[in-house]
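Per-entry structural report
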Amino acid sequence: MKKQLIQSLVAVVTLSLFHSFALAQKPPGEDDYYRIVTLPIPDGIQLEVGGMTSLPDGRLAVSTRRGDVWLIGNPYMQGSRQPTFKRFATGLHEPLGLLYRTVGPHKGELFATQRGEVTRLIDTDGDEVADEYRAFYKWPLSGNYHQYSYGPIPLPDGDMVITLNLDWIGRGASQSKWRGWMLKLNDKGEMTPWATGLRSPAGFTALRDGSIFYAENQGDWVGSGRVTHLEKGDFAGNPAGLRWSGEPGSPLALKPEDVPSTGKPMFEVAKTVKNLKVPAVWFPHTLMGISTSDIKEDTTNGAFGPFSGQLFVGDQGHSKVMRMSLEKVNGKWQGACFPFREGLQSGILRMMWGQDGSMFVGMTSRGWAATGKSPFGVQRLVWTGKMPFEMKTIRSKPDGFEIEFTLPVDRKTGEDPASYSLNSFTYKYHSTYGSPIEDARPVPIRGVVLSQDGRTARIVADTTLREGYIHEVKAEGVKSASGTLSLLHNTGYYTLNAIAPGEVANVPARLMASASANAMHDHSSMMASTSAKAGMAAKPVAKGGKATPVKAVVSAKRVVDMPATWTNGPDQTISIGTKPGLKFDTEKVDVKAGSRIKFVFNNNDDMLHNCVIVKPGTANAVGNQALRLNLNGAKMNYVPTSSDVLFHTNILQPESAESIYFTAPTEPGDYQFVCTFPGHSSLMQGTLRVVK
């Protein structure tokens, strides 16, 4: 018995040491550097965050999509660790912006942007409940559900700006005056039209120097998410708002018919279309996020980590925060975006700096479904004080790029061209919803020069870089100086609007990449993005229209013409559509094993969707595989090459449909159908029950 006890103790100690060793060997993740703290929300409060601002005493003020404004006390959860909630205002029309503004030496007011006005919320008797709802500035409404309004945000000169979303009628439209515009308001409530071409401008900010940037979501005329610098008179790309360019006070005279839908890159079109402003930074769709939201400049002076002065950009659909660094080259803003922090609880709409340098994140997902499973929430990102090993920034150089790291890098891997790769690509600028990745090419690397302190790596390209293109910069092989850390995130996307002037780098012969080394770079994903065009057998059929056939390789998993052998037609026709909130309008259908099926998918949503039929229990796995297609995704219609995929439609534009034909499996079971567009698969699923 004693011997058995000793053996058991030895086994327990050995197992404990094994687990400790395993944990010690586990590479650090995002949570090791930035913790997520969740604020508990009392039952009965639907805190679907639309706006968020800070009060001088440290409390938060939060407006909700349901029309309330709440004051949250103790948001840092000190002492009792319980925040308090008090309703300050109610009955507002979906306020998607909130600002605390000082109006006197000892008094401040809250400004909320409703659908049709900016409203001053005034507490006249000091009981912390608004007594007056006074209109500050109004604009007309059409009643379209898509007429969201955002802001206000303050400018350094004391003025404010707001933005007005377009309507949704098949494609973006401006039914009411100034829809699709950014408007500037002075302290008297007087309006000056500022810029147009906006589609869904939920996020925007003014930097400390007064520069205004806004974030846009993929849609019609918008190939991918992007952040654009807006000056007075700029046209950001969507022509619907140009309907109002002839109105008094308009800073530009451009008309909708002046904007061609050719599919050429936006950078090229901007050379001939006056006022068209190209993005400062593109956020490649699904590679970074799918629906950019709020923007916040890091003004914490190091309290939030090593990225002071950079900008953080939220993503609603992927429930994450991204990072962006900017520089001005030849008078043009440009820069890079990087992953930063995933795993938040709902769709991010608002971000705000806390008094301690942490970041509050306000979230909602109703109708705008997100990877975060909660319907709403407020969380706080807190830097742990540990330095993450990251690409801090990427800068343009006359012959390539310079990467600055947050920590010194190992010289052997830092100087090795095989540790890096460069690729470039662009998007179409056209009236169609979104764009696939276009004209993707690898960029050969001539050599790498590492600084003496190991903090910057000069990557010298072996070809002239293409202005107007997005450049994927990877540093997968780089290790920290200790040799123990890989980069927390090893990829950045740099938008090259202008190549920086200066001297080219002198690459020592010993650091030159050989032709064989360049050939070893894995550029297969880039090349595949071109060859994968063969998988796009036909354009989807717009409702009421005709398909435009293109040459393609016919896939047995996507047959769009009824087989000639089906002389009596299909045994069963199934029609499945979509409904708001990333859902199919039918969750379960029955088919007979081995029967001939005509499957009609109607995308009556305002987003892109496909419908993929998969083996039982594999919907989540196939969705994750689609997410990892990276640069190949759009060209492959986000359908991975997998034996679990049985049949599929292509990605469909909003308000379009496609029919496919297949023979149902002979083995009964609960098969699944799923939308594999990134960010949709976890929510957008149904069951195809095969019965005898």
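Residues numbered from 1 in each chain as written. Predicted model: local features only at pLDDT ≥ 70, side-chain atom pairs only at ≥ 80, totals over all residues. Heavy atoms only, no water.

**Here we look at the overall build of the chain**
When helices and strands are tallied, the chain shows six helices and 45 strands. Expressed as a percentage of the 692 residues in the chain, the buried residues total 58%. Contacts spanning at least 24 positions in sequence make up 64% of the contacts within the chain whose residues lie at least 6 apart. Roughly 28,100 Å² of accessible area belongs to the chain as shown, and the carbon and sulfur atoms make up 51% of that amount. (Helix = DSSP H or I, 4+ residues; strand = E, 2+ residues; numbered from the N terminus. Buried < 20%, exposed > 50% of the residue type's maximum accessible area, 1.4 Å probe, protein only. Contact = heavy atoms within 4.5 Å. Areas by Shrake-Rupley, 256 points an atom, 1.4 Å probe, with all protein chains shown as cover.)

**Focus: the sheet that holds strand β20 (residues 292–297)**
In space, the eight strands of this open sheet follow the order β20-β21-β22-β23-β34-β33-β29-β30, with antiparallel pairing throughout. Sheet topology places β20 and β30 (438–443) at the edges, where each strand pairs with a single neighbour. Strand-to-strand twist in this sheet, taken as the mean axis angle between neighbours without regard to direction, amounts to 25°. Of the pairings in the sheet, the one linking strand β21 (residues 311–315) to strand β22 (residues 320–329) comprises five bridges and is antiparallel in character. Each bridged residue has a counterpart across the sheet, and for D315 the counterpart in β22 is K320. (Pairing = 2+ DSSP bridges. Axes fitted to C-alpha atoms, helices over the stretch in contact; angles between N-to-C directions.)

**Brief notes about the packing of aromatic side chains**
Under the defined criterion, the tally for this structure stands at 28 aromatic pairs. Measuring from centroid to centroid gives 4.9 Å for F304 and W353, while their planes differ by 70°, and the two rings are edge-to-face. Of this pair, F304 sits in the loop between β20 and β21 while W353 sits in strand β24 (residues 348–353), placing them 49 residues apart in sequence. In this structure, F304 and W353 share a single accessibility class: buried. (Phe/Tyr/Trp six-rings, centres within 6.5 Å; stacked < 30°, edge-to-face > 60°.)

**Some thoughts on the confidence of the model for the chain**
For the chain, the mean per-residue pLDDT works out to 90, and 89% of the residues sit at or above 70. When the criterion is pLDDT under 50, residues 515–554 qualifies, and its contacts beyond four places in sequence or with other chains add up to 68 contacts. (pLDDT = per-residue confidence, 0-100.)

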